[in-house]
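Geometric and topological summary
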Amino acid sequence: MTAQVDYLVVLCAATSGASGELLGSDEKELAKLVWQQVDVNNKKLGKVNELLIKPEVSDVTDEKKEEDVAEELVEDENVSGADCVYTAKSLENALNTFHLQLTNEVNSAGAGTSVCLCTDGQLHIRQVIHPEAASQNVLVPDCFYSFFDLRKEFKTHFPSDLSTLDVYTMVESLSIPMEEPAMCGSPDPSATLPPQVVVQQVQMMAKIVLSLLSEPLCHTFSNPERVNEKFETGTCSKMEKVSDSTVIRARGLPWQSSDQDIARFFSGLNIAKGGAALCLNAQGRRNGEALVRFVSEEHRDLALQRHKHHMGSRYIEVYKATGEDFLKIAGGTSNEVAIFLSREDQIIVRMRGLPFTATHEQVLAFFSPEDGLKDACPVSGGRDGILFVRYPDGRPTGDAFVLFACDEHAQCALRKHKEILGRRYIELFKSTAAEVQQVLNRYSSAPLIPVAPAPLLSVLPAVSLLPPPIIVRDCLRLRGLPYSASIEDILNFLGEFTHDVRPHGVHMVLNQQGRPSGDCFIQMMSAERALSASQQLHKHVMSCQHGPNSRYVEVFPCSAEEMGLVLMGGSLSHAHTHAHSRNRSGTGLSPPPCKSRRLSPPSYSFTPTPPVLPTEAAAALYPPLGQVLLGPRPLPPGHAYYPSSAQLYMNYTTYYPSPPGSPTTVGFFPSPSALSSPGGLMRMPGLTYNSKDLINAVQGYQTAMEPVSVMSSSLIGQPGAGEPPIVSLPALMPKPSGHYLDLSLL
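Residues numbered from 1 in each chain as written. Predicted model: local features only at pLDDT ≥ 70, side-chain atom pairs only at ≥ 80, totals over all residues. Heavy atoms only, no water.

This part is about the environment of Val-106. On the secondary structure map, Val-106 appears in helix α2 (residues 91-109). On the basis of relative accessible area, Val-106 is assigned to the buried category, the value being 6%. Between the C-alpha atoms of Val-106 and Tyr-7, which are 99 residues apart in sequence, the distance is 7.8 Å. (Helix = DSSP H or I, 4+ residues; strand = E, 2+ residues; numbered from the N terminus. Buried < 20%, exposed > 50% of the residue type's maximum accessible area, 1.4 Å probe, protein only.)

This brings us to helix α3 (residues 123-135). Here α3 spans 17 Å end to end across 13 residues, near enough to the 18 Å set by a 1.5 Å rise per residue. Within α3, twelve of the 13 residues are buried, which leaves it mostly tucked inside the rest of the structure. Residues of α3 that are buried include every one of Leu-123, His-124, Ile-125, Arg-126, Gln-127, Val-128, Ile-129, His-130, Pro-131, Glu-132, Ala-133 and Ala-134, and no others. Downstream of α3 by one or two residues, Asn-137 has phi in the positive range, about 55 degrees. (Expected span 1.5 Å × (residues − 1).)

What follows deals with the sheet that holds strand β24 (residues 540-543). Hydrogen bonds between backbone atoms are what pair the strands of a sheet, whose relative direction is either parallel or antiparallel. Read across the open sheet, the five strands follow the order β22-β23-β21-β25-β24; overall the sheet is antiparallel. Edge strands, defined here as strands with exactly one partner in the open sheet, are β22 (501-510) and β24. Averaged over all pairs of adjacent strands, the angle between their axes in this sheet comes to 30 degrees, without regard to strand direction. Bridge count between β24 and strand β25 (residues 550-558): four bridges; the pairing is antiparallel. Looking at the pairing, Val-541 lines up with Tyr-552 of β25. (Pairing = 2+ DSSP bridges. Axes fitted to C-alpha atoms, helices over the stretch in contact; angles between N-to-C directions.)

Turning our attention to the pattern of salt bridges. Summed over the entire model, instances satisfying the criterion amount to 25 salt bridges. In this structure, Asp-120 and Arg-151 form a salt bridge, with 2.8 Å as the shortest nitrogen-oxygen distance. Taken together, the residues span a long stretch of sequence, with Asp-120 in the loop between β5 (115-119) and α3 and Arg-151 in helix α4 (residues 150-155) at a distance of 31 residues. The pair Asp-120 / Arg-151 is uniform in exposure class, with both members buried. (Salt bridge = Lys/Arg side-chain N within 4 Å of Asp/Glu carboxyl O.)

Before going further, it helps to spend a moment on the confidence of the model for the protein. Across the protein, the average pLDDT comes to 75, with 66% of residues at 70 or higher. Ignoring residues within four places in sequence, the model shows residues 625-678, a span with pLDDT below 50, making 88 contacts including any to other chains. (pLDDT = per-residue confidence, 0-100. Contact = heavy atoms within 4.5 Å.)

As a further point, take the pairing of strand β2 (residues 30-39). Counting buried positions along β2 yields nine of ten residues, so the element is predominantly enclosed. Sheet analysis places strand β1 (residues 7-15) next to β2, joined by nine bridges and oriented antiparallel. Directly across from Ala-13, in β2, lies its bridge partner Leu-33. Pairing analysis gives seven bridges linking β2 to strand β3 (residues 44-53), with the strands arranged antiparallel.

In structure tokens:
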């Protein structure tokens, strides 16, 4: 609009909450609209109109309550001082009534047809009317999409700061006489304006407009402010310059929200083309955050005032962000993506979980089956409307983006969520252009899931961790166990091979969270029995006593070194395993049993060593891994209570806890001479009546061969007949007054 309009309608909106510079910042409902028409050509003023909006009161059916509300409205009419007063029961009714009365008043004047609103600042239109209409899904009349900012028009003749400029300052600068005295100073922004003050401000604004139109200023109202009717999607290049003063970060968005939902939340503010970018987490899923780019710093500052405003039932946090942050999310350099997103007014749907062999024809048939014309939702552009996401080497990722011509077709497509394509169900989500760029950037550059930290064995000197060429596979690896499987279930699964299990030879593998990983290692008496068990039990079904789960279990033979390497956090390569054996027994340890590269708990620590060690010293301190796990290891003096000549026997079942997997009458570790002192008796009050827990707690220590009687029933509270004997432990801490045990070692 370049020519001057025929009529200006001075408008003031008032809410039931804050006013002034805080207008609309508290999400309060619109309470009234006050306006006055100004004839630009004839420089005449019309009558002052007031439209009162009745607050939404749910379940009000009592006639007396309605009468009380009507009486209150009449009282407001008498004190406001407006020439005409109208009432409306809802926001939609109020906006339509305003538009109808405005049209009738312009038509009755007959001096022109062009009309435009004029407000004191941006808040009345951008922060009150449009946001509330968007939250209630109310259609806003066309007259609210363009308006003049009286402060900016005044600034062209009287340079001043817009943030401190108000109606009273402009009246004083123009020396406009007032018939009635105004309020003393500016009103309190946190308080609701009285009805007569709102009407008085509209009257002062109308006189300011007349003063700007008259000589000597002769101002022309020709370039109004615009409000974007809809959000425009588009692409953004990484080479584009984005100002830091135009970007915000919105946090707390619902995971199913789209860029249109973000634009609706910031309704009334102009978002740049393609300026709404949803953020994804490390797994490629939405994390509830978005970066939004506005056309100017003024709109960015208005967006910051919507901090903790609500989108549905969730409040949204709004913070400042940088242009670099926006480019990391929304910027792209792929020509294929640019061509795909060059079609405007298209709805994008993301497909996730596609088979790696999926083709364009299968995707087209998925959305438009031949036998179901009712549920058909044609893809816009056919094959050109489908974009498969691939790794840099061309391998498919299982993701794709599809274009649809209208929202109706997109909604029809989204109803196919979790339907089957091939042998897999497909997840469908409404997507955005920025998400397309972000997904392509993620897959084409860095991996979505960061690489796990190095295993704990990397702190050791350079010692070969690979199994020797000649190995004895006297252990079993069970893969695919039910998560609820116990030691008893594993022994029942082994059947006749249970007698071939070494004492304490069942080792459950736990993940980083301390939960079963579905893998287990079993030490057998001989390699022949291990091979026989793997051949007879491979892919047999295991049932659980304490759960309904039953799964087939894969059984592989392996060596003690391979078992120890995996348990201690290492991994075995598939190629190396095949190099030694091409049969089925040679592939049992690929892939590793647990995805986590670190299986040991954080409390496990190795003996401190100097930074640089000679080769001979390293070989002496760190023998081959199988000897470390299955035999004693001499250590320097550590704890003050250990004798200097004592040897520590590492039973790694204490780090991977499991109850005894075989009869406990035979001790697996021979009692060394250094620990041949008389056993010390330990009293542990407050224990449960199940003695198995006690055995599990002390299974890493040598127990006396002779059973010791349990204490009398008068002390424990239960009869002692038939109960297991209490455990006798070696006297690890000799004292003058007796033998003690450091319970922290348990």
